[in-house]
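# Working through the structure, step by step
Here is what each chain is made of, one letter per residue.
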Amino acid sequence: MSQATQGNPPVVTPLRVVIGLLLVAPFVAMLWVSSYAKVDPTFIGIPFFYWYQMAWVLISTALTVIAYKLWQFDQRARKGGDAR
């Protein structure tokens, strides 16, 4: 008998897929070095290679916070509590 038919919610849900994508995006962006291994365009004199990576520090933080909030929402929904 599957887990969903026993009354338990499924393990893989669309929300959990979104959470996974939010957490994987920074890794893909940083591991695809050929996409940012260049000097131009510069930003306030800083080569693209450096400011792109620093921008991803901020983007990664934002994506992780969003993923965490979605995870909290998912956990409350699974426990049947208030989904605020």
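Throughout what follows, the structure given in this document is the object of discussion. Fair warning: this is a prediction, and the values are worked out from it, not measured in the lab.

For the peptide bond that leads from D40 to P41, omega is 0 degrees, which places it in the cis range. Take P41: it is sitting in the loop between α1 (14-31) and α2 (48-79). One non-glycine residue with positive phi stands out, namely I44, at about 45 degrees. Topologically, I44 is positioned in the loop between α1 and α2. Look at I44 and you get exposed, because its relative accessible area is 71%.

Here we take up the pattern of salt bridges. Scanning the model with the defined rule gives two salt bridges in all. For R16, the salt bridge is made with D74, and the minimal N-O distance between the two is 2.9 Å. Residue R16 is found in helix α1, and its partner D74 is found in helix α2; the two are separated by 58 residues along the sequence. Exposure remark for R16: the relative accessible area of 22% places this residue in the partly exposed category. Judged by relative accessible area, which is 7%, D74 ranks as buried. Of the charged contacts, one joins D74 and R78 as a salt bridge, the two residues approaching to 3.2 Å between their closest N and O atoms. With D74 and R78 both in helix α2 and four residues apart, the pair spans about one turn of that helix. In this structure R78 comes out as partly exposed when scored by relative accessible area, which is 26%. The network of salt bridges with shared partners includes R16, D74 and R78.

Attention now moves to the packing of α1 against α2. At a minimum axis separation of 9 Å, α1 and α2 run at an interaxial angle of 165 degrees. With respect to each other, α1 and α2 are oriented roughly antiparallel. Crossing handedness for the pair α1 and α2: left-handed. In terms of residue class, the contact of α1 with α2 is built from 17 nonpolar, four polar and three charged.

Nonpolar side chains in soluble globular proteins tend to be buried together. Within the largest apolar cluster, nine residues are counted, these being I19, L22, A29, Y36, F48, Y52, W56, L63 and A67. Put simply, the parts of the chain that give this core at least two residues each are α1 and α2. Sorting elements by how many residues they give to this core places α2 first, with five residues. If we ignore the near neighbours within four places in the chain, the residues touching F48 are S35, Y36, K38, V39, D40 and P41.

The rules behind the values
- Residues numbered from 1 in each chain as written.
- Predicted model: local features only at pLDDT ≥ 70, side-chain atom pairs only at ≥ 80, totals over all residues.
- Heavy atoms only, no water.
- Helix = DSSP H or I, 4+ residues; strand = E, 2+ residues; numbered from the N terminus.
- Buried < 20%, exposed > 50% of the residue type's maximum accessible area, 1.4 Å probe, protein only.
- Salt bridge = Lys/Arg side-chain N within 4 Å of Asp/Glu carboxyl O.
- Axes fitted to C-alpha atoms, helices over the stretch in contact; angles between N-to-C directions.
- Parallel < 35°, antiparallel > 145°, perpendicular 65-115°, else oblique.
- Left-handed = near helix turned anticlockwise from the far one by under 90°.
- Nonpolar A, V, L, I, M, F, W, Y, C, P; charged D, E, K, R; others polar.
- Core = buried A, V, L, I, M, F, W, Y, C linked by side-chain atoms within 4.5 Å.
- Contact = heavy atoms within 4.5 Å.

Note that all results are geometric; they support no functional claim without further evidence.
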